[in-house]
Structure formats: structure tokens, C-alpha cells
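Structural features, examined
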Amino acid sequence: MTTVVSKLPTADALRAQVRDALAAVGSTVALGEPGAGGLAASTPITGDVLFTVAPSSIAEVDAAIGEAAHAFSQWRVTPAPVRGALVGRLGQLLVEHKAALASLVTIEAGKITSEALGEVQEMIDICEFAVGLSRQLYGRTIASERPGHRLMETWHPLGVVGVITAFNFPVAVWAWNTAVALVCGDTVVWKPSELTPLTALACQALLERAAADVDAPTAVGRLVLGEREVGEKLVDDPRVALVSATGSVRMGREVGPRVAGRFGRVLLELGGNNAAIVTPAADLDLAVRGIVFSAAGTAGQRCTTLRRLIVHSSIADELVSRITAAYRQLPVGDPFDERTLVGPLIHTASYRDMVGALQQAQAEGGEVIGGERVDVGPDFEEGAFYVKPAVVRMPSQSAVVHQETFAPILYVLTYETLDEAIALNNAVPQGLSSSIFTLDMREAERFLAADGSDCGIANVNIGTSGAEIGGAFGGEKETGGGRESGSDAWKAYMRRATNTVNYSTELPLAQGVHFG
Ligand code: UN1
């Protein structure tokens, strides 16, 4: 295992970087000193608290929803292409401030620079998509059974969208929701993860600048910071028409029924337990590269991270030894160091979960390779958690394999027939992403067929992570069923009206009914 032994940045250096980045994007929000009370803004790079920020009181969340609801009455009648201009401006500002925003993503989420820049690029991409979408909110016309009648569908803005996001994609998931919601005529109240308030402040500053530049009401997007009770306010407030929430299955189990109880809408993107099948017909070089990026990239902290490898028994030994050899070359360390490929875990709890899962895997008969904590250099502190990604050969699927542990652990299972491999792929409660590595088109097509992968994302010859924004993103079963980002995911952010127009002089009734 290569460890990048570099001088980790000091907390003071990171503080200076945060101040510079926030100044660059024009954020004027006051930052408190560590220990000053409020919400702690920490970094997993060193484990230090960098600043504190003021959390929103429930009264402030209430006011934010009220302002967004008020702005909605104006925004919904603003022509969609004009709304698109706001998102277009946001996209330009993101291009301009890409590096500053990415540095905040690295500081708060621990992503390596290339992935942090990629995340900001994902925001830019969805802004471009949404600008185009602002001229393509198409409805259908439908053949009427009655003479002199026309039947059509129109799509209207829905209302205030509450967006709840997770630490691991602290900016892109906000952008998927916000860019699309705004062109759809909705307004947004965003509750970011309490672990990433600084990136959220930066995004909010850019959105406010974009709004000012195009003369849009600033209340089209509001930010509220805080912990659970802030999210609960969004979940329970009847003025919030749609709650789009990304996070754990446990969170989704609460949010779903609570919003449904008031007949609000939800869009859930919850846990994943993503698998890749590797068949004897695979290009193994390609498979190894795809597997290593999906399993070890982002230190295993993507919803789409590859967590289960389902490999044909005839190639299992070779594939595992190639993956473990590649893992030995993976530099673990400071995410700002350009040699690094694996940055830190987000916090202590996440490290504890990883250790617990590896112990359980061992107890269930697994053979663990890697997974140790890494001391990354002279400035390494107790509060930071760097680990070697782990590969675990399991004798069969067992309890630990069925749970999502948000850390770089890849369980390896073997199979004999493709049916068995697909059954293993589908055997977990989650259904986000999946892939098959094969050059045999019959195997690939079978995987994509109705009795193939049951996931929202099913790929061929690429890993499970790193989806483009153009497709709809989300998954089935405990993943929650929501779809966001591209394709026709915009429909979740609008309400549909079916219109029947009678331009005749008669009043024929449908289904041939006569009435008087
Ligand atoms: C997530 O982890 O919540 O497909 C989102 C990917 C990214 C998005 C992941 N484009 O890996």
C-alpha cells in the first residue's frame, strides 16, 4: 500500500483556504471561532473543527419556507425560459468559481481534488441541462373520443421544494434538485448535511448572486442550516409540496410516511448496496479498472460505491489478486495532494462502522485483505481516519453483505451460472446501481432484461458509480424509488393537469353517456 506521507495542511491553513473560497464566491455570512457554539464546521482531513456557523432556529426555517412560498407566487408565472436564465447564470458562476467551491468540498467532505472538481462539473452540467429543459417542459396532446374536443396535458409548477442532502455529494445533489426545480417554476429551501455547512454557504452565495444578476427574487432559493429538527420542519410543513431527500434508509423510512401523511410528495434517494458481476467473458483489464474506481474511489463513500463483487468461480482467484495488487498501489492520504487517490473517511463513526463490519464479516467466515487504519504522516492526528480499502472474500452471502457500510469494503462472492449471479445481485434490500463486465452480448442483454438487474441503474462494462447527469438517477426497493437529475426526472417537480377543451356547439358526454 502506498501511503502519501505528506505534510497534512494545518487547521489554520485550511481555515485560511475556507475564508478565501467564501470571499471569492461572495459569501458574507459570519463564521464563528471553534468552540463558539452553534454548528461545528469540521474537516475530515485533520479532524479539526475549523469554524462554527449559526444554525437556523425553527422560527427562521418557518420564515424561510414562508419567503420561498411567497416567491413561488411570482416565480410560477415567470416564463420558463426566463427562469432558465437564472440557472444559466448560476452555471456561469460555477464555472468561474469551480476551483474555490471544489476546495471547500475537499475540506468538508475529504474528496480528492479531481473528484471535488468533478462534483462541481456535475453542477455545471445539470445547469446546462436545466437551461435546455426550460424550453422543453413538454405536455402531450391526446386524441379525444368526442368530436370537436381536444385533450391535452399541461405541466405546472408544484410549489416549494424542500431539499435535504447528504455529506458525500454536498453540492451536486443540491444542484440536481435546484437547477431542475427552478426551471420548473418551483422555489427551494435547502437543508444540507450538518457536516457540510461551508460548501452550502458558498452555493447559496452563488445562487443569490445569480438571482441578483438576472433580477430574479432571491427567495427562490433559501438555505437553512442545522440538525434533525430543521429537516423535520421541512418534512412536516404543509407549504412544502415536495421533499427531495438523500440519505440513509433509516431517514427515508421516517421521511416517506410523514410526508405522505400530509399528502405531500417525496423523492427519496436512499442507500445502495451495489454489485458488479464479472463473467468469464469479461475484459479483465477493463474490469479491474472499473472495479477499483467504483469500490475505492471517494473512500467508498458514494451511494453508488461498488460494495459487492459477484465473480465467476473460474476467474475469482485471478481477479481478486489483480484487485488487491491494484489496491496496494492506491495512494491514501491528504486529498489535496495530487498523488492521493483515497482520502479520509468522514468521521469517527464511519471508521467505527467499517471496523465493525470487517469484524462481522470475519465472524461470518470472510477473509479480509486490507482495511487497516493508515497513519498518513507527521501531522496525522487521532481525529482523522484514513484507511486502506478492504477486499473481503465471503464464503457465501451473509448478513453483513446485505447491509450498506459507508466505507471502502468490497465483498467478493462467487457464482457458477448467470442466473445465480443475477439472483445474488438482486438479493439485497437496496436497488440503486449495478453492472456487469462481459463481452458476451447475451449475458449483457440478459442482465439488462426484465428478469435481470432490479436496480435503477444497470451498466455494462463500466462500474456502478460515476453516472452522468443526462440520465435519471435513483433506485428501487429500499433506495426509495425516486429519480432526480436528467431525462424526465423533472416531472417529479411539477404537477400535471389534464385539459379537455370543447370547441364544438354540442356537449357530448364521454363513454356515450346520455343525461337528459
Ligand atoms: C450519491 O452518491 O449520492 O453516480 C450521488 C455517481 C455520482 C452521483 C452520486 N454522479 O457516482
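All values derive from a computational prediction rather than experimental measurement. (Residues numbered from 1 in each chain as written. Predicted model: local features only at pLDDT ≥ 70, side-chain atom pairs only at ≥ 80, totals over all residues. Heavy atoms only, no water.)

1. Here we look at the sheet that holds strand β3 (residues 141-142)
Spatial ordering of the open sheet is given by β3-β4-β21, a layout of three strands whose pairing is antiparallel. Two strands bound the open sheet, and with one partner strand each, they are β3 and β21 (494-502). By the bridge criterion, two bridges tie β3 to strand β4 (residues 149-157) in an arrangement that is antiparallel. Its bridge partner lying in β4, Thr141 is registered against Met152. (Pairing = 2+ DSSP bridges. Helix = DSSP H or I, 4+ residues; strand = E, 2+ residues; numbered from the N terminus.)

2. Observations regarding the side chain of Thr246
Along the chain, the position of Thr246 falls in strand β8 (residues 240-246). Discounting chain neighbours no more than four positions away, the residues touching Thr246 are Ile164, Thr165, Ala166, Val173, Met251, Glu269 and Glu484. (Contact = heavy atoms within 4.5 Å.)

3. Points about the sheet that holds strand β14 (residues 409-415)
Here we have seven strands laid out as an open sheet, ordered β12-β13-β14-β11-β10-β16-β17, and mixed in their pairing. Two strands bound the open sheet, and with one partner strand each, they are β12 (367-370) and β17 (457-460). Neighbouring strand axes in the sheet, compared pairwise and without regard to direction, differ in orientation by 20 degrees on average. Sheet analysis places strand β11 (residues 306-312) next to β14, joined by five bridges and oriented parallel. Paired with Arg308 across the two strands is Tyr411, which belongs to β14. (Axes fitted to C-alpha atoms, helices over the stretch in contact; angles between N-to-C directions.)

4. Quick notes on the site of the ligand
The full set of residues close to the ligand is Glu122, Asn168, Phe169, Trp176, Glu269, Arg302, Cys303, Thr304, Ser465, Gly466, Ala467 and Phe473. Residue Thr304 places a side-chain N or O atom 2.7 Å away from an oxygen atom belonging to the ligand. The backbone of Gly466 places a nitrogen or oxygen atom 2.8 Å from an oxygen atom of the ligand. Across the complex, the protein chains shield 100% of the 320 Å² of accessible surface that the ligand would expose by itself. (Near = heavy atom within 4 Å. Polar contact = N/O pair within 3.5 Å; in protein donor to acceptor, adjacent residues only side chain to side chain. Areas by Shrake-Rupley, 256 points an atom, 1.4 Å probe, with all protein chains shown as cover.)

5. Quick look at the layout of surface pockets
One number sums up the size of the largest pocket: a volume of about 1,300 Å³. Along its surface, the largest pocket is lined by 38 residues, and Gly247, Ser248, Val249, Arg250 and Met251 are the ones closest to its centre. Broken down by element, the residue count for the lining of the largest pocket peaks at six residues, all from helix α9 (residues 249-261). In terms of domain composition, the lining of the largest pocket takes at least three residues from each of domain 1 (60-270 + 480-496) and domain 2 (274-470). What lines the second largest pocket is a set of 20 residues, among which Val29, Leu201, Gln204, Glu208 and Leu223 lie closest to the centre. Only α2 (58-75), α7 (197-213) and β7 (221-223) provide two or more residues apiece to the lining of the second largest pocket. No other element matches the five residues that α7 contributes to the lining of the second largest pocket. Taken together, the residues that form the lining of the second largest pocket break down as ten nonpolar, five polar and five charged. (1 Å grid on protein atoms, 1.4 Å probe; cavity = no way out; pocket = protein on both sides within 12 Å on 5 of 7 lines; lining within 4 Å. Points joined across faces, edges and corners; volume = space filled by probe spheres on them. Domains from an automatic or database assignment. Nonpolar A, V, L, I, M, F, W, Y, C, P; charged D, E, K, R; others polar.)

6. Some points on the nonpolar core
Core analysis: the biggest nonpolar cluster contains 139 residues, and Leu101, Val278 and Ile291 have the highest contact counts within it. Residue assignment places this core across two domains, with domain 1 (60-270 + 480-496) and domain 2 (274-470) each supplying three or more. Residues contacting Leu101, with those up to four places away along its chain left out, are Leu94, Val120, Met123, Val171, Thr199, Ala202, Cys203 and Leu206. Core analysis: the next-biggest nonpolar cluster, separate from the first, contains 19 residues, Ile164, Val224, Val235 and Val255 among them. (Core = buried A, V, L, I, M, F, W, Y, C linked by side-chain atoms within 4.5 Å. Buried < 20%, exposed > 50% of the residue type's maximum accessible area, 1.4 Å probe, protein only.)

7. Digging into the pattern of salt bridges
In total, this model carries 29 salt bridges according to the counting rule given. For Glu153, the salt bridge identified is with Arg140, shortest N-O distance 3.9 Å. Residue Glu153 is found in strand β4, and its partner Arg140 is found in the loop between α5 (113-133) and β3; the two are separated by 13 residues along the sequence. Under the relative-accessibility criterion, Glu153 is labelled buried at 12%. Asp237 is the salt-bridge partner of Lys233, the closest N and O atoms lying 3.1 Å from each other. A single network of salt bridges, built from pairs that share partners, joins Arg228, Glu232, Asp236, Glu254 and Arg258. (Salt bridge = Lys/Arg side-chain N within 4 Å of Asp/Glu carboxyl O.)

8. Details of the domain arrangement of the protein chain
Accessible area lost upon the coming together of the parts serves often as the stated size of an interface. For the protein chain, the domain assignment lists domain 1 (60-270 + 480-496) and domain 2 (274-470). In this structure, domain 1 and domain 2 have C-alpha centres spaced 30 Å apart. In this assembly, 25 residues from domain 1 lie in contact with 20 residues from domain 2. If you sort the residues of domain 1 by the area they bury against domain 2, Ile112, Glu115 and Phe167 come out on top, with a joint share of 29%. The tally of links from domain 1 across to domain 2 stands at one salt bridge. Glu115 is the salt-bridge partner of Arg302, the closest N and O atoms lying 3.0 Å from each other. Counting the contacts that link domain 1 with domain 2 gives seven residue pairs in polar contact (both at pLDDT 80 or more). Among the secondary structure elements, those contributing two or more residues to the side of domain 1 that touches domain 2 are α4 (98-109) and α5. A per-element tally of the side of domain 1 that touches domain 2 places α5 first, with six residues. Within the side of domain 1 that touches domain 2, the residues separate by chemical class into ten nonpolar, eight polar and seven charged. (Buried area = accessible area lost by both parts, 1.4 Å probe.)

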